[in-house]
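Observations on the three-dimensional arrangement
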Amino acid sequence: MSSRSALAPADSRKPRRLQGLSLQIRRSDPPGTLRAPTVVGLGLLLNLATTSVLSAQPAWRVDPVSSMNTPRGGQTSTLLADGRVLVTGGATRSEAYLDPTASAEIFDPATGRWTVVSPMSLPRRFHSATRLVDGRVLVVGGSNDGIHAATEIFDPIAGTWSTGPDLPEGIGTQASLLPSGEVLVLGFPSTCRIVPSTSSVVTGPPMLRDRPAPGVALLRDGRTLVVGDDAESVPSAEVFNGTS
């Protein structure tokens, strides 16, 4: 995060945004109800048949979209260059996030429909998916029994996956695109950078603290802010100064 119903046409309605998707909201729509199975969520198995968007009044309204083909928790959702959204992996059972899947599907906001695409080579949950400068999507980390060292790259034009470079052991909890086009990948506390143009991996300096699943944000000056999920429950943050 199947029922299939198209999104309303654009006409004079104002678009609202939800995780990068532009959704059209009918002003007469009543608040939605919870149904199964799921639409896109981050780290949670959401039993929603409709997405919710925040209106200008600060109230939630809904606009129906079709549900995903597979229930998921701990999956990724990545906005593609053409406006579609790639969703990969996740656990298919909410109990302790069991049964990770390798499946993937794409949401098209123009039609409100999901299309199943080729699966990844490995089942993954709590992994990371980063859109590269050339529009492809790099998937790293995630787990089945342990953190995967293997990476893979999705080509949204061809609809196919290719093998990426292997990561050092224990790295792959989070990833962030750098201004150089390289991808910073975090472990706990090890780090590395993936160079997509050469399909190579460069070992980086370790973080100052162990962070199994931190929050990551690219700052305007090219530095990377890493916050939270400290292994010792310390409310700490740190900044990666490298821009390449």
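Rules behind the numbers
Residues take numbers from 1 onward in each chain, read along the sequence in its written order. For this predicted model, a pLDDT threshold of at least 70 governs which residues receive local features, and a threshold of 80 or more governs which side-chain atom pairs are given and counted, while totals over whole chains, interfaces and linings are taken from all residues. Hydrogens and waters are ignored; side-chain quantities use all the structure's heavy atoms. Counting from the N terminus, the helices are the DSSP runs of H or I reaching at least four residues and the strands are the DSSP runs of E reaching at least two. Methods summary: accessible areas were calculated by the Shrake-Rupley approach with a probe of 1.4 Å, and residue burial reflects only the protein chains presented. Pairing of aromatic rings covers Phe, Tyr and the six-membered ring of Trp, with a centre-to-centre limit of 6.5 Å; geometry is then stacked below 30 degrees between planes, edge-to-face above 60, and tilted otherwise. Working definition: with a 1.4 Å probe on protein chains only, accessible area under 20% of the residue-type maximum means buried, over 50% means exposed, and in between means partly exposed. By the criterion applied in these results, polar contacts are pairs of N or O atoms within 3.5 Å in which, for protein atoms, one can donate a hydrogen and the other can accept it, and in which residues neighboring in sequence qualify only through two side-chain atoms. Definitions used for this entry: grid spacing 1 Å over protein atoms alone; cavity, a set of points where a 1.4 Å probe fits but cannot get out; pocket, an open set with protein on both sides within 12 Å along at least 5 of 7 lines; lining residue, one with an atom within 4 Å of a point. Grid points are joined across faces, edges and corners, and a volume is the space filled by probe spheres set on the points. As a working rule, the residues Ala, Val, Leu, Ile, Met, Phe, Trp, Tyr, Cys and Pro are called nonpolar, Asp, Glu, Lys and Arg charged, and the rest polar, with Gly in that last group. We call a set of buried Ala, Val, Leu, Ile, Met, Phe, Trp, Tyr and Cys residues a nonpolar core when their side-chain atoms join them within 4.5 Å. Only heavy atoms enter the contact rule, under which two residues are in contact if any of them lie within 4.5 Å.

Within the protein chain one finds 0 helices and 21 strands. Summed over all atoms, the accessible surface of the protein chain reaches about 11,800 Å², with 55% contributed by carbon and sulfur.

Quick look at the packing of aromatic side chains now. Counted under the stated rule, the structure contains 2 aromatic pairs. An angle of 45° between the planes, with centres 5.0 Å apart, marks the rings of Phe-107 and Trp-114 as tilted. We classify Phe-107 as buried; its relative accessible area is 2%. Ring geometry for Phe-154 against Trp-161: centres 5.0 Å apart, planes inclined by 50°, an arrangement best described as tilted. The exposure class assigned to Phe-154 is buried, which follows from its relative accessible area of 0%.

Turning our attention to the side chain of Arg-72. Structurally, Arg-72 can be placed in the loop between β4 (60–64) and β5 (76–79). Of the residues examined, Arg-72 reaches a relative accessible area of 1% and is grouped as buried. Of the polar contacts made by the side chain of Arg-72, one reaches the backbone oxygen of Gly-89; its length is 2.9 Å. Here the side chain of Arg-72 touches Ser-103 through a polar contact of 3.1 Å, side chain to side chain.

Looking at the largest pocket, its volume works out to about 780 Å³. Lining the largest pocket are 33 residues, with Thr-76, His-127, Ser-128, Ala-129 and Gln-174 positioned closest to its centre. If you list the elements that add at least two residues to the lining of the largest pocket, you get β5, β11 (127–131), β15 (171–177) and β19 (215–218). Here the lining of the largest pocket gets 6 residues from one element, more than from any other, and that element is β15. Counted by class, the lining of the largest pocket contains 15 nonpolar, 16 polar and 2 charged residues.

Counting 12 residues, the largest nonpolar core consists of Leu-80, Leu-86, Ala-102, Ala-104, Ile-106, Val-117, Met-120, Ala-129, Val-137, Val-139, Phe-154 and Trp-161. Secondary structure elements with two or more residues in this core: β9 (104–108) and β12 (137–141). Filtering out sequence-adjacent residues up to four positions away, Val-117 remains in contact with Leu-86, Ala-104, Glu-105, Ile-106 and Phe-154. Listed in part, the 11 residues of the second largest apolar core include Leu-167, Ile-171, Val-183 and Ile-194.

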